[in-house]
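Structural overview for review
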Amino acid sequence: VASGGITMITPEGILYDFIGNETTTLTGSMVKNAPYISGYYINSIRSANGTDTINYTYQSDGKFQSFLNSVSQGYKTTTITCIGGNSNCNCRNSIKTSFIPESSTTMFMQTVTSHKPQYIYFNGGRITFNLSSREDVNPDNSNKTKKLENIVVESYENGRYDVIRVFQFYYS
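This structure is a prediction, so every number in the text was calculated from the model and none was measured. (Residues numbered from 1 in each chain as written. Predicted model: local features only at pLDDT ≥ 70, side-chain atom pairs only at ≥ 80, totals over all residues. Heavy atoms only, no water.)

As for the overall build of the protein chain
To keep things clear, this is the line we draw: Each helix corresponds to a stretch of at least 4 residues labelled H or I by DSSP, and each strand to a stretch of at least 2 residues labelled E; elements are numbered beginning at the N terminus. Think of it in three bands: with a 1.4 Å probe and only protein chains considered, a residue is buried below 20% of the maximum accessible area for its type, exposed above 50%, and partly exposed in between. In this analysis, two residues are considered to be in contact whenever any of their non-hydrogen atoms come within 4.5 Å of each other. In these tables, accessible area is a Shrake-Rupley quantity obtained with a 1.4 Å probe, and a residue counts as shielded only by the protein chains included in the view.
Within the protein chain, the secondary structure is distributed over zero helices and eight strands. When the helices and strands of the protein chain are placed in sequence order, the string is β-β-β-β-β-β-β-β. Every one of the 172 residues in the protein chain was classed for burial, and the buried ones make up 26%. Contacts spanning at least 24 positions in sequence make up 52% of the contacts within the protein chain whose residues lie at least 6 apart. Accessible surface computed for the protein chain: about 11,900 Å², of which carbon and sulfur atoms make up 52%.

Written out as structure tokens, the structure reads:
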């Protein structure tokens, strides 16, 4: 997970620590932007008195790619001004304007590299987010995005985690 975070403190003294770890790259026929941080994720939350802390860890979600098209249509004008008249211009003291139909299409590819929570740790336990592969997005891409398979809530006692509840997700 990339560094370069932001820390915010509420008027009550609660500290929120964010890290930047979602990047987006926009490329096209005439554009190649460097990847930039497009999302900040919460890293930790600490109570005002410092006794309670919630920590987050993240796992890679792969890359999601989408295509964006930009189409413009209009007319290009060509203006010829004739003064006098000669063999190349069959006019006398006039202006001739031609409208030529014109269109252009620009295609961009947007690539987002993101992360999803893996664990949320809190006093007395954790929440685990288990991911599995998706076939409906970027089927030919080796960096497939992932779907949330289940969420596991666990308590922590005597040096071990015990499952309290599992929330299973089904997709159709």
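The structure having been displayed, the exposition proceeds.
A closer look at the packing of aromatic side chains
Put simply, the test is: The pairing test for Phe, Tyr and Trp rings, Trp by its six-membered ring, is centres within 6.5 Å, and the orientation test on the planes gives stacked under 30 degrees, edge-to-face over 60, and tilted for anything in between. We call a charge positioned above a ring when the Lys NZ or Arg CZ atom is no farther than 6 Å from the ring centre and deviates by at most 35 degrees from the ring normal.
Tallied over the full model, the rule gives three aromatic pairs. Between Tyr41 and Tyr58, the ring centres sit 5.2 Å apart and the planes meet at 25 degrees, which makes this aromatic pair stacked. Note that Tyr41 is positioned in strand β3 (residues 36–46) and Tyr58 in strand β4 (residues 53–82), a separation of 17 residues in sequence. As far as burial versus exposure is concerned, Tyr41 and Tyr58 are alike and both buried. Between Tyr119 and Tyr121, the aromatic rings sit 5.4 Å apart at their centres with planes inclined by 35 degrees, giving tilted as the arrangement. On the basis of relative accessibility, which here comes to 26%, the residue Tyr121 falls in the partly exposed class. Above the plane of the ring of Tyr161 lies Arg126, whose end atom (NZ or CZ) is 3.8 Å from the centre.

Structural notes on the confidence of the model for the protein chain
Worth spelling out the cut-off: The predictor attaches a confidence to each residue, called pLDDT, with possible values from 0 through 100.
When pLDDT is averaged along the protein chain, the result is 80, and 69% of the positions lie at 70 or above. Across the protein chain, strand β8 (residues 160–168) holds the top mean pLDDT of 97, while β4 sits lowest at 74.

Quick word on the side chain of Asp61
Take Asp61: it is sitting in strand β4. By relative accessible area, Asp61 is classed as buried at 5%.

Topic: the nonpolar core
Filter applied, for reference: The criterion is simple. A nonpolar core is a set of buried Ala, Val, Leu, Ile, Met, Phe, Trp, Tyr and Cys residues joined through side-chain atoms within 4.5 Å.
The biggest cluster of nonpolar side chains holds eight residues, and these are Tyr41, Ile42, Ile45, Tyr56, Tyr58, Ile120, Phe129 and Ile151. Those elements that provide at least two residues to this core are β3 and β4. Counting residues per element, this core draws most heavily on β3, at three residues. In contact with Ile120, not counting residues within four places along its chain, are Ile54, Asn55, Tyr56, Gly125, Arg126, Ile127 and Phe129.

Structural notes on a nonpolar patch on the surface
Defined as follows: Only residues whose relative accessible area exceeds 30% and that take part in no salt bridge are eligible for patches, with like-charged residues grouped when within 9 Å of each other and nonpolar side chains (Val, Leu, Ile, Met, Phe, Trp, Tyr) grouped when within 5 Å. Should a side-chain nitrogen of Lys or Arg be within 4 Å of a carboxyl oxygen of Asp or Glu, the pair is scored as a salt bridge.
Together, Ile6, Met8, Ile37 and Tyr40 line one region of the surface with nonpolar side chains, adding up to about 350 Å² of accessible area. Of all the secondary structure elements, the ones that give two or more residues to the nonpolar patch are β1 (6–9) and β3. Within the secondary structure layout, Ile6 lies in strand β1.

Focus on the environment of Tyr40
Topologically, Tyr40 is positioned in strand β3. Here the alpha-carbon distance between Tyr40 and Gly5, two residues 35 residues apart in the chain, equals 7.5 Å.

Quick word on the environment of Ser60
Within the secondary structure, Ser60 is located in strand β4. On the basis of relative accessibility, which here comes to 40%, the residue Ser60 falls in the partly exposed class. Along the primary structure Ser60 and Glu22 are separated by 38 residues, whereas in three dimensions their C-alpha atoms are 9.7 Å apart. Not counting the four nearest positions on each side in its chain, Ser60 is found in contact with Ser114, His115, Leu131 and Lys146.

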